[in-house]
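Per-entry structural report
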Amino acid sequence: MYEFSYHKAGSVADAVEAMNKAEDGKFVAGGQTMLPTMKHRLASPSDVIDLGGIAELSGITVEGNTVTIGAMSTHADVAASTDVQAMIPALAKLAGGIGDPAVRNRGTLGGSIANNDPAADYPAAVIALGATVKTNKREIAADDFFTGMFETALAEDELITAVSFPTAESAAYMKFENPASRYAIVGVFVAKTGAGVRVGVTGATPCAHRGMRLEEALNNDFSGAACEGVEIPVAKMNTDIHASAEYRAHLVKVMAKRAVVACA
Amino acid sequence: MAENGIGASVRRKEDKRFLIGKGNYTDDINVAGQTYASFVRSPHAHATINGIDTSVAKASAGVVAVFTGDDLAADGIGPLICGVTVTSDDGEPHRAPAHPALAQGKVNYVGDHVAIVIAETLAQAKDAAEKVDVDYTALPAVTETGTAADAGQPQIHDLAPNNMCYNWPFGDKDAVEAAFASAHKVSSLDLVNNRMVTNPMEPRAALGEYNSGTEEITLHLTTQNPHVHRLVMSAFNQLAPEHKLRIVSPDVGGGFGAKIFVYAEELVVGWACRKVNRPVKWTGDRTEAFLADAHGRDHVTTAEMALDENGKFLAMRVMTKANLGAYLSTFSTMVPSYLYVFLLAGQYTTPLIYSEVKAVFTNTAPVDASRGAGRPEATYLVERLVDVAAADMGLEPAEIRRRNFIAQDAFPYQTPVVQCYDSGDYETALDKALVLADHDGFAARAEEAKSRGLLRGIGLSSYVEACGIAPSAAVGQLGAGVGLWESAQVRFNPTGNVQVFTGTHSHGQGHETTFAQLVTEQLGVPIENIEVIHGDTAKTQFGMGTYGSRSLAVGGVAIAKACEKLINKGKKIAAHALEAAEGDIEFTDGNFTIAGTDKGMNIAEVAFNAYVPHSYPEGLEPGFDENAFFDPLNFSFPAGTHICEVEVDPETGVVDIVRYSAVDDFGRLINPMIVEGQVHGGIAHGIGQALMEGCRYDSEGQLITASYMDYAMPRADNVPNFDVDYAPTDPPDNPLGVKGCGEAGAIGAPPAIINAITNALGVKHIDMPATPENVWRAAQSAA
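Here's what I pulled together on the structure shown here. If you're wondering where the values come from, they're calculated on a predicted model, not measured in any experiment.

A few words on the interface of chain B and chain A. Counting residues at the interface gives 25 residues for chain B and 22 residues for chain A. Both faces considered, chain B and chain A share a buried interface measuring about 1,900 Å² in area, 48% of it formed by carbon and sulfur atoms. Inspection of the chain B/chain A interface yields seven salt bridges. Glutamate 130 of chain B is paired through a salt bridge with arginine 41 of chain A; the nearest N and O atoms lie 2.9 Å apart. For the pair chain B and chain A, the interface holds 17 residue pairs in polar contact (both at pLDDT 80 or more). Elements that contribute at least two residues to the side of chain B that touches chain A include exactly helix 4 (122-129) and helix 20 (772-782) of chain B. No other element matches helix 20 of chain B, which puts four residues into the side of chain B that touches chain A. Residue composition of the side of chain B that touches chain A, grouped by class: 10 nonpolar, four polar and 11 charged.

A word on the state of the cysteines. Inspection of every chain in the model, using the stated rule, returns zero disulfides over all chains. Cysteine 420 of chain B takes part in no disulfide bond, and the closest cysteine sulfur to it belongs to cysteine 467 of chain B, at a distance of 15 Å.

All right, on to the sheet that holds strand 28 (residues 722-726) of chain B then. Sheet strands pair by backbone hydrogen bonding; their relative direction is either parallel or antiparallel. Residues and elements named next belong to chain B. Strand order in the open sheet formed by four strands is 18-26-27-28, with mixed pairing between adjacent strands. Every other strand in the sheet has two partners, leaving strand 18 (455-464) and strand 28 as the edge strands with one partner each. Sheet twist, expressed as the mean angle between neighbouring strand axes with direction ignored, is 15°. Two strands pair when backbone bridges link them, and strand 18 and strand 26 (residues 639-649) are joined in this way by 10 bridges, in the antiparallel orientation. Across the sheet, the residue bridging to leucine 460 is isoleucine 643, located in strand 26.

What follows concerns the packing of aromatic side chains. Summed over all chains, the structure comprises 29 aromatic pairs over all chains. With a centroid separation of 5.7 Å and an interplanar angle of 90°, the aromatic rings of phenylalanine 39 of chain B and tryptophan 282 of chain B are classed as edge-to-face. Placement of the pair is phenylalanine 39 of chain B in strand 1 (residues 35-41) and tryptophan 282 of chain B in strand 12 (residues 280-283), with a sequence separation of 243 residues. The exposure class of tryptophan 282 of chain B is buried, given its relative accessible area of 2%. Positioned above the aromatic ring of phenylalanine 222 of chain A, the side-chain terminus of lysine 192 of chain A is 4.9 Å from the ring centre.

Looking now at the pairing of strand 23 (residues 591-594) of chain B. Residue and element names in this part refer to chain B. By the bridge criterion, four bridges tie strand 22 (residues 585-588) to strand 23 in an arrangement that is antiparallel. Note that in strand 23 the partner of glutamate 586 across the bridge is threonine 593. Connecting strand 22 to the next strand, strand 23, in antiparallel fashion are two residues, including aspartate 589 with a positive phi near 50°. Here strand 23 pairs with strand 24 (residues 600-602) via three bridges, running antiparallel. Its bridge partner lying in strand 24, phenylalanine 592 is registered against methionine 601. Count of turn residues in the strand 23/strand 24 antiparallel hairpin: five residues, of which glycine 596 carries a positive phi of about 80°.

All right, on to the sheet that holds strand 23 of chain B then. All names here are of chain B. Read across the sheet, three strands follow the order 22-23-24 without closing on themselves; strand pairing throughout is antiparallel. Of all strands in the sheet, those with a lone pairing partner are strand 22 and strand 24, marking the two edges. Taking the axes of each pair of neighbouring strands and ignoring which way they run, one obtains an average angle of 20° across the sheet. Lying over the sheet, helix 17 (residues 603-611) contacts strand 22, strand 23 and strand 24, oriented at roughly 80° with respect to strand 24.

Definitions and limits used
Residues numbered from 1 in each chain as written. Chains lettered and ligands numbered in written order. Predicted model: local features only at pLDDT ≥ 70, side-chain atom pairs only at ≥ 80, totals over all residues. Heavy atoms only, no water. Contact = heavy atoms within 4.5 Å. Buried area = accessible area lost by both parts, 1.4 Å probe. Salt bridge = Lys/Arg side-chain N within 4 Å of Asp/Glu carboxyl O. Polar contact = N/O pair within 3.5 Å; in protein donor to acceptor, adjacent residues only side chain to side chain. Helix = DSSP H or I, 4+ residues; strand = E, 2+ residues; numbered from the N terminus. Nonpolar A, V, L, I, M, F, W, Y, C, P; charged D, E, K, R; others polar. Disulfide = S-S within 2.5 Å. Pairing = 2+ DSSP bridges. Axes fitted to C-alpha atoms, helices over the stretch in contact; angles between N-to-C directions. Phe/Tyr/Trp six-rings, centres within 6.5 Å; stacked < 30°, edge-to-face > 60°. Buried < 20%, exposed > 50% of the residue type's maximum accessible area, 1.4 Å probe, protein only. Lys NZ or Arg CZ within 6 Å of the ring centre and 35° of its normal.

Just distances and angles here, no functional claims.
The following block contains the structure:
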């Protein structure tokens, strides 16, 4: 790592102030992406602002049909939460499948979606469940939050405070893991709600997105077979040494199908 | 069997310190005044160096020194050598371009060593390393094994036109051609043996200390063979005279071959500590391990088998291109030649074999021995070709093997490719494996899997390998610059406990336990009173180190012979003490007794006697401390059959290994628990190669699998429980009746797995690694 100044923020206001004062500051949540990047000397922030001590960013609450998860909730917290397990079991399962136990004990929901890694799991859930991202400045709808590869709608001094997830009639997440990194080569989150089907796809393209064609087919016929006839645009798919665009497009359909079957 | 002796699954003595965090690895060692080193490495696969400006780096905070290739050369430090000569088909020795420890005017692979920066802290060294300004002119890179020697490719070394190191033909080309011409059937196969990064858990490290008073350099290294390092660094690199160079290889976290070789960092650190007159410490990180540890395998082959109408193998022809990387690593030339071609007979009576190996240079990391070293490449090719031939002939895989096995009574068996197999019973191992794998029940299991939409396949691999490396005369004739005997010193202390100094090294094999078991069995000393010492050239006599599954087969016999000498001496001492004739003294279970009586003395008493020789045989030297050097008469030839059962999901191409059975002949087992562990580890290694691991460079020579994000190694959930059994035979050449076992799993597994997948899919072949996408595509094309 290069040298940096470390700040442990006691409140959101503290954290934002430290960021504004920094020459080139970065918030750190669980550090599961930030720290390895810094160790590889691929990132050299002048200031690292630790959000770990901010009480208002933690906690999981339920109000009616909405589960609100604090931004600093770890993947392990979410996976183990009896509230999440009861109300959105697919979300708890997704959290329990991120990385490995060590990663899950440190990685956070807020950190994950603020980073918007094209292969991260949470974005698919946020999109499919039509969640609302709450920040220190405003509320952002899922459809507006993820804007590009590693890019979100967040401003530089904007912090995610929590994410509110509405429950679904049924939902499931199916992920095809990269055998090396165990990130999603393709991950599909299917949510059946009163207002119709929503599908969130991660790993397949540079940014997690709504699987509109899959939604159309599934709104017509909520079955695994309905996914088979959908044409997934190969030209939009990522391609790398682990999976070609063609294979990825195929996997989107397969994971969607399996998610639908798991919804039953 | 003595308690804790041969055949007992004694818990490992070394595990205590490893489990409580008291292991002593090179990076754990810190000495007063030490400095830290960071290496500047080439970001280009192929480039000329127009100049190196170290001025800014030298002026950087905390920097003690910055050195380049010119500094090394000025001090007469010679380039890294390759110790095995292969004669090319033009009658000349292989082309050996210089391999400077720090680049001289040119860099030839990404990660190539260019300069060393030494500073007070590691962070300062790294910061300064970034400030070393190297003026490169990038050149086009050669990266593909199959085409590196083609006309028109960029030339890497002036000394090696067409990037050829050697072209090594072997066998009777005309006789083989005649056999093919008159064959009933010719089966052929193009296949790739995928490049592997060896990945021991502990990265390489070096700590150099110079004592200006005694002019001695002490180098702590993560080497599998400290004396070999000392010899090479002294005699060939001119680092220091041998008696002024101490190499210590303490606890080492795995080697698997990658830590055999003399590496640039090790030599440079050894030299630099004297140059700056302060200790210099370098610890590689994982990225450096990926970039700059020697890689393994990387063959492209066309293989053909000629058969008669009964499926009998008449002849085999193998044309291989083998990648040696940018420079010759210490044993590299030997791996795709002697360690490969000489195993092409496999378990079969194939009478005629012709091969040509073209060893090529590319702008990639040097390639050298890696668990199995040449024998996995041979076995993979033979066992895949045999399965292809079986399909061509309409024979079951087990049946075609039976028709061609070397018969149990035909040993020692002289193959047409130099190796003379010691002992074997291939049919028994096959039969045992078929039962262990419930081969008969496979059809029903496959049916059931089909109902779940999954494809099951079963694959055999009947391998034989050559290890227990090696008879000195044989390897000398082949062009090795060393002999491959082994040494042992068994020393009693006056109080009766024993120290065993072995020239081998233990970096995970459990020798501190196994060798103690040998001694407790032979000498009757309780195992807790036996200490096995290895790894320090100041403590232990010269030895050749550990690789090629040699430590027990060669090093163990040296220990046994030293023990024999002690017993013979002990008889003299006991006879005198007991006032009996030497011929009347028997030795059993640690006691020298007068035959037919209960009058005797324990070996510990005899030892004390020898050190306090108040009443002692005249003319006999005091002391109870014997050494022995053992040169093996032959390689040892473990063999067996592995059977792999897979379940393939045709929708995703994911391969699940649902069952894996291994029946191996390792001769006599000293510690069955340790042997089983080696089998497990070897099979896991093979699973990695077959399904997951693939070291890849892009067309510009950038290593694109340079971390665990992209290089997939098997984890616990990738491997099944293994069913392991043994079908031992007794090798006549080995006084202990043992064969090596450390590499066999990595040798036997890959073809068993690929044979299972091709069986599941009904396709002729699929290359390794059989990743989900590759399998999916193969399944698509088969459908």
